[in-house]
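Residue-level structure breakdown
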Amino acid sequence: MQKLKDILFKIDGRGYRAYKQIKGAYNFPEYTLYIDHVQGDPFASPSRLRIRVSQEIAEFSPELYSNKPRKTALEDYIIRIFSMHIKKDIAKIFGTGKSGIIEIDCGKQEIIERTACNINDEFVEIRFYAGLPARGRRVLGEQCIKMLFDQIPKLVEKSLFHKNLDKAELKKFIEVCEDQDCLRSQLKKNKIVSFIKNGSILPRRSGVSDKPLPEANTILFKSPPELEVSLKTPNIGIVKGMGIPEGVILLIGGGFHGKTTILSAIQKGVYNHIPGDGREYVVTDVSAVKIKAEEGRSIQKVDISSFISNLPLGKNTKEFSTANASGSTSQAANIIEALEINTRLLLLDEDTSATNFLIRDSIMQQVVSKDKEPITPFIDQVNSIYSKYNTSTIMVMGGSGDYFEVADTILLINSYLPYLATDKAKEAIKNRKDIRKKENPASFGSITERMPLPNSINPYKGRKKKVKSRGIHNISFGVENIDLSSIEQIVEPSQVNSISNIILHGLTKNYFDGKSTLCNIIGKIFDDIGKYGLDIISDSYIKYPGSFSMPRKFEVASAINRLRSLKVIQK
Ligand code: ADP
Ligand code: MG
């Protein structure tokens, strides 16, 4: 500690590069500070710091992290407190560029496993970023001393010492997370794909905020009596809510009555939410995938023939490739690719689907004969996707009653609340005259898996490996740009950061060998993560990464599938 201070005094006023000397480990009275990487100049990404507090001092009792959801929640909570105190208590040191910034990778509404904090029986470790202070390109030694010897110790004391945390709030945070995992684990045996607790707040504050609408302006969720189930939780006993049964489920109802809001809550239910989010007891099968039309995406040898065949010019749809998909072909490919990674639940919203992919009504069938229409609409395959792959579909459909025929469960959403309307809807179609013809003679085909070719996944730009994620929508990968803006179940930039590194890890390990299927490759990478932790995906030179958070296999596959240079062989 004294050594660090001495260096900072000595280099005060010198060129910024002099900061490089402080890389290293320093013993403070209550913790060890590791300066793992020093930024090259005041405008570069902030320096990487890490702090380890031994459990003798931190004193987190083992039951706070005794299982996976508890550990994830505790780590996540510590980061939130650290982050909160950065905003609340730290008077930012001013200077050039990123001087004085202290940052940590902190979650928002979701609780997700992340590398910024790690707790075990020995220690609690936190990883964060600091902009070492400078004026122009000169070291501000005294300001840096203020940062490292005054500001950061305060943050550590307030967030990494159990005795200084709000015990009740922490307990609640951990228990809510554990309960969600437990609820989710009961879905399958109850033959439901999603559970929404009565009293949940589903609507969000705005189109750009994921925070809940204030309770005063909200109709709280209430299950229709016929679908109400009771599930057990370890911490709050029995909870009641709507269990959405497997099969084909329709959400119907008038415009602006809350259909999309319910579907959005369901699609985010693959993650655990923080207390107060309103969706903290909304849980969905972890393999649920939101499917959209995504005009313009590239597709590489996906067998979409169950949906689309006889394209103009005889284009092959058993190995369908395009650099510029249409609404319908992209939606078909999105479904097949999700099935390739073994999804059990597809989520579709008419708002973001291609109409001609969803339906073809009887009048249209009469006027445009089947041999002029390449598309077998989703309506004619949705049942066999369920019978063949046990993959259910929840779908928002306010615009066409044709789907009543194929639905197992129909929920009418009226003024934000669901009512069971299956019988009424089935009754209504009984007497119809304009019966549409089912368009698939053959049932849904098998899923052809694909084996990516390693040379087509090239992280190099010139002689340099260049892979960088930007926000939640973009990865620049070598000379390519991967567009993830249609992938709605990515919730934070750190997941995208992980996705890019997961692809790199797969390349380094030669998992992409031209002979393994995409599903197997991603499986292997996730096995590595399970065994060695998320740190394993880091580039070799960053040993203690601080901004990875856990993505799902589906989003990793989505990224690879959207790499425009991708080439595959079908199995
Ligand atoms: P739909 O898809 O049926 O057209 P939306 O789900 O887009 O409707 O919801 C319409 C509006 O109603 C949105 O602004 C949404 O935030 C709001 N909303 C949804 N559910 C509720 C609720 N339970 N309480 C209050 N407002 C809600
Ligand atoms: Mg809608």
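What you see is a predicted model; the values in this text were computed from it and never measured.

Our focus in this paragraph is the sheet that holds strand β28 (residues 467-470). Taken together, the three strands give an open sheet; going across it, the order is β28-β29-β30, and neighbouring strands pair in antiparallel fashion. Only two strands of the sheet have a single neighbouring strand rather than two, namely β28 and β30 (480-483). On average, adjacent strands in this sheet sit at an angle of 15° to one another, irrespective of strand direction. When β28 meets strand β29 (residues 474-477), the two strands line up antiparallel, connected through four bridges. The partner of R470 across the bridge, within β29, is N474.

One frequently used descriptor of interface size is the decrease in accessible area upon assembly of the parts. Splitting the chain by domain gives domain 1 (2-165), domain 2 (176-246 + 273-282), domain 3 (288-430) and domain 4 (450-570). For domain 1 versus domain 2, the separation of C-alpha centres amounts to 36 Å. Taken over both partners, the interface formed by domain 1 and domain 2 buries close to 860 Å², and the fraction arising from carbon and sulfur atoms is 57%. Broken down residue by residue, the surface that domain 1 buries against domain 2 is led by P69, Q109 and I111, which jointly contribute 67%. On the surface where domain 1 and domain 2 come into contact, there are one salt bridge. Between R70 and E178 there is a salt bridge, and its shortest N-O distance comes to 3.1 Å. Linking domain 1 with domain 2 are five residue pairs in polar contact (both at pLDDT 80 or more). At four residues, the largest contribution of residues to the side of domain 1 that touches domain 2 is made by helix α3 (residues 68-89).

Another point: empty space enclosed by the protein. What the rule picks out here adds up to two cavities of 30 Å³ or more. One number sums up the size of the largest cavity: a volume of about 200 Å³. At the level of elements, β18 (288-291), α7 (327-340) and α14 (553-561) are the ones that each hand at least two residues to the lining of the largest cavity. In terms of residue count, the dominant contributor to the lining of the largest cavity is α14 (five residues).

Burial analysis of strand β7 (residues 123-130) places eight of its eight residues in the buried class, the great majority of the element. Of the two faces of β7, the one holding F123, E125, R127 and Y129 and the one holding V124, I126, F128 and A130 are both buried throughout. Relative to β7, strand β3 (residues 47-54) runs antiparallel, the two being bridged by eight bridges. Bridging from a neighbouring strand, R52 pairs with E125 of β7. Relative to β7, strand β4 (residues 102-103) is paired through two bridges, and the arrangement is antiparallel. Within β7, the residue paired with E103 across the bridge is Y129. Sheet analysis places strand β6 (residues 117-119) next to β7, joined by three bridges and oriented antiparallel. Across the sheet, I119 pairs through a bridge with V124, a residue of β7.

Ranked by internal contacts, the top residues of the largest apolar core, which has 102 residues, are F307, F378, I394 and Y403. With near-sequence residues (within four places) excluded, F307 lies in contact with A332, I335, I336, F357, P374, I375, T376, F378, Q381, I385 and F444. Counting residues in hydrophobic clusters, the runner-up holds 60 residues, among them L74, I78, C117 and L165.

Under ideal tetrahedral coordination, the four donors around a metal are separated by 109.5 degrees; under ideal octahedral coordination, the six donors are separated by 90 or 180 degrees. The protein atoms that coordinate the magnesium ion (ligand 2) are T260 (OG1) and D351 (OD), at distances spanning 2.1 to 2.3 Å. Of the two residues, T260 sits in helix α6 (residues 259-268) while D351 sits in the loop between β21 (345-349) and α8 (355-358), which places them 91 residues apart along the sequence. Classification of T260 as partly exposed rests on a relative accessible area of 31%. Given the relative accessible area of 55%, D351 is considered exposed.

This structure, assessed with the given rule, holds 10 aromatic pairs. Ring geometry for F307 and F378: centres 6.2 Å apart, planes at 35°, overall tilted. One end of the pair, F307, is in the loop between β19 (299-302) and β20 (320-322); the other, F378, is in the loop between α9 (362-367) and α10 (382-389), and 71 residues separate them in sequence. As far as burial versus exposure is concerned, F307 and F378 are alike and both buried. Ring centres 5.9 Å apart and planes at 25° place the aromatic pair F357 and F378 in the stacked group. Highlighted residues: F357 in helix α8 and F378 in the loop between α9 and α10, separated in sequence by 21 residues. Summarising the burial analysis for this pair, F357 and F378 share the class buried. Taken together, the aromatic side chains of F307, F357, F378, Y389 and F444 make up a single cluster linked through ring pairs. One cation-aromatic arrangement involves R52 over F123; the distance from NZ or CZ to the ring centre is 3.9 Å.

Cut-off values and rules
- Residues numbered from 1 in each chain as written.
- Chains lettered and ligands numbered in written order.
- Predicted model: local features only at pLDDT ≥ 70, side-chain atom pairs only at ≥ 80, totals over all residues.
- Heavy atoms only, no water.
- Pairing = 2+ DSSP bridges.
- Helix = DSSP H or I, 4+ residues; strand = E, 2+ residues; numbered from the N terminus.
- Axes fitted to C-alpha atoms, helices over the stretch in contact; angles between N-to-C directions.
- Domains from an automatic or database assignment.
- Buried area = accessible area lost by both parts, 1.4 Å probe.
- Salt bridge = Lys/Arg side-chain N within 4 Å of Asp/Glu carboxyl O.
- Polar contact = N/O pair within 3.5 Å; in protein donor to acceptor, adjacent residues only side chain to side chain.
- 1 Å grid on protein atoms, 1.4 Å probe; cavity = no way out; pocket = protein on both sides within 12 Å on 5 of 7 lines; lining within 4 Å.
- Points joined across faces, edges and corners; volume = space filled by probe spheres on them.
- Buried < 20%, exposed > 50% of the residue type's maximum accessible area, 1.4 Å probe, protein only.
- Core = buried A, V, L, I, M, F, W, Y, C linked by side-chain atoms within 4.5 Å.
- Contact = heavy atoms within 4.5 Å.
- Donors = N, O, S within 2.8 Å, 3.2 Å for Na, K, Ca; no water.
- Phe/Tyr/Trp six-rings, centres within 6.5 Å; stacked < 30°, edge-to-face > 60°.
- Lys NZ or Arg CZ within 6 Å of the ring centre and 35° of its normal.

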